[in-house]
Structure formats: structure tokens, C-alpha cells
Amino acid sequence: MTLSLQRQMMENLIIAKARQDALQRKMEDRRLRLQEEANRRFAASGAMTPEEREQRILYTNVLEYEQDHDWPKQWKAKMKKNPDVSLVSNLVSYLLSRSDHPVVKLLRKHQYRVYNRLYPIVSKGLPKSPAMPLRPRHSIHNPLHPETPKRPVRTACSTQSVKSFSTDLISPSRSHNLTPKYEEEEAEDPSEQGTMDRENSFEDLEQFVTQMDWVPPPSSTDDTASDSDLVCDFSVPLERDESHVQELEKRAVKEHLKAVVKDIHIAIDQLLSMCLLSFECLNTASFKDLCLASIEEAFFTPLWSALVALFRKVYVEREQAYETSVKLYSDASPRDIGIPLKLFPQNTGSPQGSYPYGSAIQELKLLIHDRCPQRKLECIVRTLRLICACAEDYRCLHEGDTTPKTAAIGADDLLPILSYVALRCQCPQLVSECAALEEFIHEGFLIGEEGYCLTSMQSALAYVESLHTGVAQLPVGKLI
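Residues numbered from 1 in each chain as written. Predicted model: local features only at pLDDT ≥ 70, side-chain atom pairs only at ≥ 80, totals over all residues. Heavy atoms only, no water.

(A) Region of interest: the overall build of the chain. Scanning the chain from terminus to terminus reveals 20 helices and zero strands. When contacts within the chain are restricted to residue pairs at least 6 apart in sequence, those whose partners lie at least 24 apart make up 79%. Of the roughly 26400 Å² that the chain leaves accessible, carbon and sulfur atoms contribute 53%. (Helix = DSSP H or I, 4+ residues; strand = E, 2+ residues; numbered from the N terminus. Contact = heavy atoms within 4.5 Å. Areas by Shrake-Rupley, 256 points an atom, 1.4 Å probe, with all protein chains shown as cover.)

(B) Representation of the side chain of Arg-424. Tracing the sequence through the fold places Arg-424 in helix α18 (residues 411–425). There is no salt bridge for the buried Arg-424, and the closest opposite charge comes from Asp-331, which lies 6.5 Å off by N-O distance. (Buried < 20%, exposed > 50% of the residue type's maximum accessible area, 1.4 Å probe, protein only. Lys, Arg positive; Asp, Glu negative; His and termini not counted. Salt bridge = Lys/Arg side-chain N within 4 Å of Asp/Glu carboxyl O.)

(C) Broad picture of the packing of helix α16 (residues 358–365) against helix α17 (residues 373–399). Between α16 and α17, the shortest axis-to-axis distance is 8 Å and the interhelical angle comes to 175°. Accordingly, the angle class assigned to the pair α16 and α17 is roughly antiparallel. Each of Ser-359, Ala-360, Glu-363 and Leu-364 in α16 lies in contact with α17, whose residues at this interface are Cys-379, Arg-382, Thr-383, Leu-386, Ile-387 and Cys-390. Grouping the constituent residues of the contact of α16 with α17 by class yields six nonpolar, two polar and two charged. (Axes fitted to C-alpha atoms, helices over the stretch in contact; angles between N-to-C directions. Parallel < 35°, antiparallel > 145°, perpendicular 65-115°, else oblique. Nonpolar A, V, L, I, M, F, W, Y, C, P; charged D, E, K, R; others polar.)

(D) Representation of the environment of Lys-109. Mapped onto the secondary structure, Lys-109 falls in helix α5 (residues 102–122). Overall, Lys-109 belongs to the buried group, its relative accessible area being 9%. Separated by 158 residues in sequence, Lys-109 and Ala-267 place their C-alpha atoms 9.4 Å apart. A polar side-chain atom of Lys-109 sits 3.1 Å from a polar atom in the side chain of Glu-54. (Polar contact = N/O pair within 3.5 Å; in protein donor to acceptor, adjacent residues only side chain to side chain.)

(E) Broad picture of the pattern of salt bridges. Using the criterion set out here, one finds twelve salt bridges in the structure. Linking Glu-54 and Lys-109 is a salt bridge whose minimum nitrogen-to-oxygen distance equals 3.1 Å. Highlighted residues: Glu-54 in helix α2 (residues 50–68) and Lys-109 in helix α5, separated in sequence by 55 residues. Given the relative accessible area of 29%, Glu-54 is considered partly exposed. The residue Lys-250 makes a salt bridge to Glu-247 at a minimum N-O spacing of 4.0 Å. Note that Lys-250 and Glu-247 are positioned in helix α11 (residues 238–278) at a spacing of three residues, about one turn of the helix.

(F) Representation of unusual backbone geometry. Within the chain, Tyr-357 stands out as a residue other than glycine whose phi angle is a positive 55°. If you trace the backbone, Tyr-357 turns up in the loop between α15 (334–337) and α16. You can call Tyr-357 buried: its relative accessible area is 0%. The backbone of Gln-426 sits at a positive phi, close to 55°, despite the residue not being glycine. With respect to the element layout, Gln-426 can be found in the loop between α18 and α19 (429–440). Classification of Gln-426 as partly exposed rests on a relative accessible area of 46%.

(G) Main features of the packing of α19 against helix α20 (residues 449–466). Between α19 and α20, the shortest axis-to-axis distance is 10 Å and the interhelical angle comes to 145°. Pair α19 / α20 crosses with left-handed handedness. Contacts from Leu-430, Val-431, Cys-434, Leu-437 and Glu-438 in α19 reach Leu-454, Met-457, Gln-458, Leu-461 and Glu-465 in α20. By residue class, the composition of the contact of α19 with α20 is seven nonpolar, one polar and two charged. (Left-handed = near helix turned anticlockwise from the far one by under 90°.)

(H) Just empty space enclosed by the protein, in detail. Taken as a whole, this structure holds two cavities of 30 Å³ or more when the rule is applied. A volume near 30 Å³ is recorded for the second largest cavity. Lining the second largest cavity are Leu-96, Val-103, Leu-107, Leu-271, Cys-275, Ile-295 and Ala-298. Put simply, the parts of the chain that give the lining of the second largest cavity at least two residues each are α5, α11 and α12 (285–300). Grouping the constituent residues of the lining of the second largest cavity by class yields seven nonpolar, no polar and no charged. (1 Å grid on protein atoms, 1.4 Å probe; cavity = no way out; pocket = protein on both sides within 12 Å on 5 of 7 lines; lining within 4 Å. Points joined across faces, edges and corners; volume = space filled by probe spheres on them.)

(I) Representation of the layout of surface pockets within the structure. As a volume, the second largest pocket reaches approximately 410 Å³. For the second largest pocket, the lining is made up of 15 residues, of which Glu-51, Glu-54, His-110, Ile-266 and Gln-270 are closest to its centre. Elements represented by at least two residues in the lining of the second largest pocket include exactly α2, α5 and α11. The residue makeup of the lining of the second largest pocket, split by class, is four nonpolar, five polar and six charged.

(J) Structural view of α16. Listed as buried for α16 are Gly-358, Ala-360, Ile-361, Glu-363 and Leu-364. Where α16 is buried, its residues touch α17, α18, α19 and α20.

(K) Up close: the side chain of Gln-111. Take Gln-111: it is sitting in helix α5. Exposure remark for Gln-111: the relative accessible area of 9% places this residue in the buried category. A polar side-chain atom of Gln-111 sits 3.0 Å from a polar atom in the side chain of Arg-108.

So yeah, pure geometry; function would need other evidence.
In C-alpha cells:
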């Protein structure tokens, strides 16, 4: 009986092993078949670039996913039967909700990569933005010893530290290596991965910052020994040395911002390409725009706060100039900004609020609460439309004509009104927000009304920034 039982167990093991081998051969055959299909799709006359090889691998993963799931086939059948705009939005939304789809995994990988490039900068926090001192604040002393007096000594390592700091900020390999295991362990919890990255990734950067901020303690007994290691240059004033360090820091942050923007453009293009490869029915002009809008919303929403913080570090001086103008001209009337008398009410009890164009001002204030560039651009468009509607109402009040035959305002009147709205909005962050929109809004959306509205808003902000200098002139029209 024991021998019979052992023989039966051996037979079962042999059968199970044969089934396992057959299953592995079947999976390998499927993988090779899908790989051949991907090779045919990405056939090239010459050597493939690393980007093309990566895209081929991603497309192979998409084909394997579709072999194991039915919903892609069902959606393709729906799109073939009824290629409707609303169906396209629902399809892309459903695709982005499937965390196990290769496109969504690619989205998460790019988001982690961008965030890990933003973290070493934005984790330090934004500098305070006082209105009167227009220079950005940069601490040059150790925060642990706030009362330490400054010593007019220039260390030999200061410039080298800043150069190293700059190199670390703009090095793509350093930042991209923060998630080396993400591609291999896609199932890992994103929050745990982000925590691990933040804890283990910036030791060298902190060391450089520590060297920059180092100042000997007041009661140090090794002044003689430490001074022997310093290269003293008393001919150069300390302020000049500080300005040189600040200039290097600002240059490094600007280069870092350029690299991050480039990475984001590459990520968006790759995600759009993979969506179109996964669902060829989306590869039309109108459907492609809808797909791009959905991808951008999913990509930017969790990143925008950190991303705009980096923009605010680069544009801090412009924001301070805007804030200075707001404090100096907070009580300016529409006439002071150059708005004709017929386009604003003479009394403050207007139906739009306690001041003219109040509805447009309130709408513009909502811009900073959105987390997607396209939605922010739509907010600017709505702001300008509200301005035009208010201007029509104000002109009708002055002329007593309820059915005007011509438009109430043109470009010469729009910019002064928009400048007044931007001034009364009292939001310095608008400067950085509009700079970010200029970088990330797709070219197709900058043609027509959207592009005109964004350009007008930037011109109005530039005018408000220059008000405190006393030589401001409206970009179009003349100041009354």
C-alpha cells in the first residue's frame, strides 16, 4: 500500500511538472508572438534608439495585458460602433483608473521621476516675499546659531560648494536614479516608495548646503587652526561675495527648472503615444486633443503644488515686484489704471460687488486652486469673458442703451481693465502660474481665444509689476 501511494504521488508530480512545462512553453510562445508583432510595428531601417526600444517593450506589455483582460476589446468595439466625443473621455478616464495597465504604470513612473527632481528644491520651502526689499532672501548663516556675527572671510570651498550644488541640481542621472526599483517592482506601494526616496536620496545635497551655511561658533578655540585652512581675500567685500553665491544659486535653479520642464514634455509625449498605440481609434485630431487633456490632468494634478513652488523660486523677484505694486496701488481707481469713464460705474454700489469688475476678480482668484494647466487656462478665458460682460453692462448704464450695436471694448480698453483686475486680485502667485502655463499648455490650445487670453494676462501682470517703478506704461493704449 505504501509503494502504491508513493508511485501515485510520483505520477502526480510528473503530470504536474509536464503541465507546468507546457504552460511555460505556451507563455513563452505568446511572448515571442507578441514580441514579433511589436517588432513589426516598430520596424526601423537602421539601429533603434533607446527611446524606440523602450517604446517597443511598453507596446509588448500592452499586448500582453490585452491578452489577459477583456475590457480593452470591449471598449474598442464600442468606439468602432459609436465614435462619440463623450465615449472618448469615458474611455481615457477608465484607462487611467486601471492601475495595472502598462500606460498607468508608465504614468506613475514619470510622476515619481519628476517629483524626485522637484523634492530637493521645494522641500526647503519658499522664501518669504516682503514687498519692499525686492531682493530674494538667502540665509548665509547657520540656522542653529542665529546670533553668530558674520566674518568677512571668503573660504576657498564656498564657490566649489555652490558649483557642486548646481551640478547636483541639474544632473538628470542623479535624480532619475532615485527610483531604480520602480520599474522592477511595479506593485510596490507608491507612498512607501516616495517616503524611502525622500529619506535616502539627498545626503550629498544636504552636505553641500551645510558647507555653504557653515560659520564657526562664537566661542571656538580652533580659530587659528581653522583660519590657516582658509583663503582670505579681504579686498572683496562680503556683499559682493554673497551676491556671487546668490547668482550661482539662481542660475542652478533656473537650469534645474529647464531640465524638469523638458522631462515633463518627454513624459507627456510618451504617455500620449502609448495611449494612441493601445487604442488606435483615438488617433484622430479631435480625439487626440481629448486624450491629451485627460493625460495632462492625471499627470499634473498630484505634481502641480511642487512644480509651481519651483517656478515661484525662479520668479520670486517678479512676484515681489508685483506685491510691491499691489501695496502701493491697492486703492487705485479704475481711472488711475487707464480705464475710460464709460467702462466703470461712478458709484461703488455696483451689482458686481463692492468694486468694479468684482466677478472677474473673484474668478481670477480661483486660478491658483486648480491643479491642471488646461483648467487654469479655462479660468483665464472665463475671466476675460466676465470682463467683457461687465464692460457691456457699465457702458449700457452710461449710455442708457440696452441693445448696443458694437462691442463695448477693444484691445486698447481690455488691457487696462485686465491690469486693474490683476491688481485687485492681490495674488503674487499669478506671475509664476502664468509662466508655468506658457511652458505646459500645448501649442494647439494657444491658437485662437485661449492664446490671446493668456498673452493678455501676461501683459497685464507685467504692467502691474512695473507700477512701483513709476515709469509703467500700458502695453497697448495710453494711460489716462
